[in-house]
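Here are the chains, one letter per residue:
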Amino acid sequence: MANEPQVLIAGAGPVGLTLANELVRLGISVRIVDKAAQRTDKSKALVLWSRTLELFDDAGYADAFLSAGMPARGARISTGREIVAEVSFDLIDSRFAYALMIAQSETERVLEERLAASGVTVERTVDLTRFSDKGASVEATLTKAGGESETLDVGWLVGCDGAHSAVRHGLGFAFEGSTLQSHWALADGHIAGIAPADHLHIFWHRDGILAFFPIAGDRWRVIADLGPAKDGETHPDPTLEQINGLMARRGSPGIVMSDPVWLAAFRINERKVKDYAKGRVFLAGDAAHIHSPAGGQGMNTGMQDAFNLAWKLALVIGGAARPSLLDSYSRERSAVGDRVLRNAGLMTEAATLRNPLLQDVRNAILRFAAGFPQVRHKVADQLAEMDIGYPDSPLTARNGDVAQGPKAGERWPHRLPERTGGRKFTALGPAEIVKTLAQKFPGLVMAVPEGDSLRLIRPDGYVGFAGGPRDAARAEAYLAALAP
C-alpha cells in the first residue's frame, strides 16, 4: 500500500469534502471520488451554524465561507397577522453569533477549491462499485463512466455518499426510519416584500407552514407543506404561479417571487443507521442520517461527523493513538444523530399541526415560553448546535477537582491555540504539569501553561478531562489509555 492513499472517501458533497480537507491538513493522504460529473449547482443545504463555523475557524479556513455567505441575525415566527415568537441569534454563545446563509453550491466550491490548492482533485464520474474489509486494509474497486475499473488497497474507507449510500448498502446496514406522510414544495428565487432581510421568516398559517430563508441579496428559499401524502405518492414540481399563490395566502401581504432559480416538490425522510462504523469502514453525513430540514442541521451535523472522525483517523494512522480510539466515533456521533433526528422531527410536527384548536394551543405555549430570555437563549444555542457535547463518550473522563468552567464532555468555548486544531490534545493548566504531560506523550499532547485548573481539550474542541493540580496522575492515566 506504499503508493495507495491512506483513506478513500466516497462522495464529494460538503461532508466528503470537509473530511478530505481535514485529513489532508493533518498530513493524511486521501483520494475522493464521486459519481457525479460536477458539483451541485443547487442551493440545497443553506446554512452553516455557529458550531460548524468554530470548527472551520480552529482549522484555519472559516474566512473563506464568511466571504461567500451572509449572516442571518434571527428568526421570526408569525401567523401572518401577528408575531408569535422571535429569537435573536445574538444570544448564541459563540464568536459566530449568527447563522451564515450560504448556498450549498458555494459551500462545495469553497471546499473543493481549498482541497485542490492542497494538491488533491476530486475524481468525478468515478463510482465505488465494490469493497471488502480485509482486516489490515480495505480492497476497493472504482469504476469510471466509460467502464474502466481499478482495484486498490487503502487503509480506511469512508462513505460520505448520501442517502442512497453504496457504502452503507455494502455494509448491509439498515437505514431505519420512515417517510413523512406529507408533500412539500421548495422554491429558490428572487423575492420582494419581505423584511427584515437578515432574518428567517416562518409563517404558521391555518393551511400549513410557509418558511423563508435568505440566501443572498434578494434571493430567498421558500418551503411550504402541501398536505397529506400516501405511500409512494409523488407530487409534481410547483410552478411560480403556485408558489406566489401560497405566499399570498399564508404570508404577509405583498410578498412576490420572480425569476425562480429552482422549483421542486419533495418528501421528508427521517432515517438513521444504528452504527456509523464496521471495521475499517465508516459512514458520515447523509449516508448515516437524514432528517427533516427543520432547523437546517443536516449538513452541519454531517460536517461535524467529518471533524470528529478526521482527528481520530489522523492520530491512529500517525501512530500517536491506539486503533481503539476510532471506536468512539460511532458511539459519539450516533448519539448526536439521534438527538438531531428527534429535535428536527419535533419541530416539523409542531409546524405542521392541522387541527385549529391544537394550532392555537401551540401558538399560545410558544408565545408564553418565548417571553423568557433563558428559553430564547436555549433555543438559539440548540439551533446553532452549541449545546452538543459528549457526556457519555468513552473519551470523557469522570470530572476531577474542577470548580468552574467547562466540565469533561462539554465544549471548550475558546479558540484552540494556533496550530493545535485537529492535531493534538491541548493540555491546559499549571506549567509544570502540562509540560510533563507533553514530554511523556509528545504525539498526543501540546502544552499550554494557563491557569490553575487542569484540562485535556480534544482536537475538536471538547473537554476530555477536567480537574485540578491534584488530578495530574489521573490526567496521565487518561492519556496512557489512548497512547499506543
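In this report, the structure presented in the accompanying data block is examined. The residue numbers shown here count from 1 along each chain, following its written sequence. With pLDDT at 70 or above as the cut-off, local features in this predicted model cover only qualifying residues; side-chain atom pairs require 80 or more to be listed or tallied, and sums for whole chains, interfaces and linings still use all residues. Excluding hydrogens and water, the side-chain figures rest on all heavy atoms present in the structure.

Focus: the overall build of the protein
Okay, so step 1: Along the backbone of the protein there are 12 helices and 26 strands.
Okay, so step 2: The size measure is the radius of gyration over C-alpha atoms, and the globule rule it meets is 2.2 Å times the number of residues to the 0.38 power. A compact globule built from 484 residues would reach a C-alpha radius of gyration of about 23 Å, and the protein, at 23 Å, matches this within 12%.
Okay, so step 3: With the C-alpha coordinates of the protein rotated into their principal frame, the extents come out at 65 × 60 × 35 Å.
Okay, so step 4: Across the 484 residues that make up the protein, the buried fraction comes to 55%.
Okay, so step 5: In what follows, residue pairs with any heavy atoms lying within 4.5 Å of each other are defined as contacts. Considering only residue pairs separated by 6 or more positions, the protein has 72% of its internal contacts joining residues 24 or more positions apart.
Okay, so step 6: As presented, the protein carries roughly 20,200 Å² of accessible surface, and 52% of it is formed by carbon and sulfur atoms.
Okay, so step 7: Residues scored as charged are limited to Lys and Arg (positive) and Asp and Glu (negative), so that His and the chain ends carry no count. All charge positions are set by atom: Lys at NZ, Arg at CZ, Asp at CG, Glu at CD. Charged side chains in the protein number 54 positive and 57 negative. The centres of these two groups are separated by 3 Å. To qualify as a helix, a DSSP run of H or I must reach at least 4 residues; to qualify as a strand, a run of E must reach at least 2; elements of each kind are numbered from the N terminus. We call a residue buried when its accessible area falls under 20% of the maximum for its residue type, exposed when it is over 50%, and partly exposed in between, using a 1.4 Å probe and counting protein chains only. Each accessible area is a Shrake-Rupley result for a 1.4 Å probe, and residues are judged covered by the shown protein chains and nothing else.

Here's the deal with the pattern of salt bridges
Okay, so step 1: One speaks of a salt bridge when a side-chain nitrogen belonging to Lys or Arg is within 4 Å of a carboxyl oxygen belonging to Asp or Glu. For the coordinates displayed, the defined rule picks out 27 salt bridges.
Okay, so step 2: Arg206 serves as the salt-bridge partner of Asp360, at 2.9 Å between the closest nitrogen and oxygen. With Asp360 in helix H9 (residues 356-369) and Arg206 in the loop between strand E15 (199-205) and strand E16 (208-216), this residue pair connects regions lying 154 residues apart in the sequence.
Okay, so step 3: What makes Arg206 partly exposed here is its relative accessible area of 39%.
Okay, so step 4: Salt bridges sharing partners connect three or more residues here, namely Asp57, Asp58, Arg95 and Arg415.

Side note on helix H7 (residues 298-317)
Okay, so step 1: The length a helix should cover is 1.5 Å for every residue beyond the first. Taking 1.5 Å as the rise per residue, H7 with 20 residues should run 28 Å; its terminal C-alpha atoms sit 28 Å apart, in good agreement.
Okay, so step 2: With 19 of 20 residues buried, H7 is to be regarded as a mostly interior element.
Okay, so step 3: Gly319 sits one or two positions beyond H7 and adopts a positive phi of about 80°.

Section: the packing of helix H1 (residues 14-25) against H7
Okay, so step 1: The geometry of H1 relative to H7 is characterised by a closest axis approach of 8 Å and an angle of 25° between their N-to-C directions. As judged from the angle between their axes, H1 and H7 are roughly parallel. You can see that H1 and H7 cross each other, and the crossing is right-handed. Of H7, the residues touching H1 (which contributes Pro14, Val15, Thr18, Leu19, Glu22 and Leu23) are Met299, Gly302, Met303, Ala306, Phe307, Ala310 and Leu313.
Okay, so step 2: In the scheme used here, Gly and all other residues not listed as nonpolar or charged are polar, with Ala, Val, Leu, Ile, Met, Phe, Trp, Tyr, Cys and Pro taken as nonpolar and Asp, Glu, Lys and Arg as charged. For the contact of H1 with H7, the class distribution of residues is 10 nonpolar, 2 polar and 1 charged. A fitted line through C-alpha atoms serves as each axis, taken over the contacting stretch for helices, and the angle formed by two N-to-C directions is quoted from 0 to 180°. To sort the angles, those under 35 degrees are grouped as roughly parallel, those over 145 as roughly antiparallel, those from 65 to 115 as roughly perpendicular, and the leftovers as oblique. Rotating anticlockwise by less than a right angle from the far helix to the near helix defines a left-handed crossing, while the corresponding clockwise rotation defines a right-handed one.

Let's talk about the pairing of strand E10 (residues 138-144)
Okay, so step 1: Counting buried positions along E10 yields 5 of 7 residues, so the element is predominantly enclosed.
Okay, so step 2: Two strands qualify as a pair provided that DSSP identifies no fewer than 2 bridges between them. With 7 bridges joining them, strand E9 (residues 126-133) and E10 adopt antiparallel strand pairing. Looking at the pairing, Ser132 lines up with Glu139 of E10.
Okay, so step 3: Taking the residues between adjacent antiparallel strands as the criterion, E9 and E10 are bridged by 4 residues, where Gly135 takes a positive phi near 95°.
Okay, so step 4: By the bridge criterion, 6 bridges tie E10 to strand E11 (residues 149-154) in an arrangement that is antiparallel. If you follow Ala140 over to E11, its bridge partner there is Leu152.
Okay, so step 5: Counting the residues that bridge the hairpin from E10 to E11 gives 4 residues, and of these Gly147 lies at a positive phi of roughly 100°.

With respect to the sheet that holds strand E22 (residues 289-290)
Within a sheet, neighbouring strands are paired by backbone hydrogen bonds and run either parallel or antiparallel to one another.
Okay, so step 1: A sheet is described by the order of its strands in space; here 3 strands give the open sequence E13-E19-E22, paired in antiparallel fashion. With one partner strand each, in any of the chains shown, strand E13 (176-179) and E22 form the two edges of the open sheet.
Okay, so step 2: Judged from the 4 bridges that link them, E13 and strand E19 (residues 269-272) form a sheet pairing that is antiparallel. Following the sheet pairing, Thr179 is matched in E19 by Asn269.
Okay, so step 3: Contacting E19 and E22, helix H8 (residues 327-351) crosses the sheet at an angle of about 165° to E19.

Points about the environment of Ala264
Okay, so step 1: Of note, Ala264 is situated in strand E18 (residues 256-266).
Okay, so step 2: By relative accessible area, Ala264 is classed as buried at 13%.
Okay, so step 3: Taking C-alpha positions, Ala264 is 5.2 Å from Leu186, a pair spaced 78 residues apart along the chain.
Okay, so step 4: The residues contacting Ala264, other than those within four sequence positions of it, are Trp184, Ala185, Leu186, Asp237 and Pro238.

What to know about the packing of aromatic side chains
Okay, so step 1: In summary, the pairing rule links any two rings of Phe, Tyr or Trp, Trp by its six-membered ring, whose centres are within 6.5 Å, and it sorts them by plane angle into stacked for under 30 degrees, edge-to-face for over 60 and tilted for everything else. All told, the structure shown has 16 aromatic pairs when counted by the stated rule.
Okay, so step 2: Centre to centre, the rings of Phe96 and Tyr98 are 6.3 Å apart; their planes meet at 90°, and the pair counts as edge-to-face.
Okay, so step 3: Its relative accessible area of 13% is what places Tyr98 among the buried residues.
Okay, so step 4: Relative to Tyr462, the ring of Tyr390 has its centre 4.9 Å away and its plane inclined at 65°; by these criteria the two rings are edge-to-face. Separated by 72 residues along the polypeptide, Tyr390 in the loop between helix H10 (373-383) and strand E23 (425-429) and Tyr462 in the loop between strand E25 (454-457) and strand E26 (463-467) bring together distant segments of the chain. Taken individually, Tyr390 and Tyr462 each receive the classification buried, so the pair is uniform in this respect.

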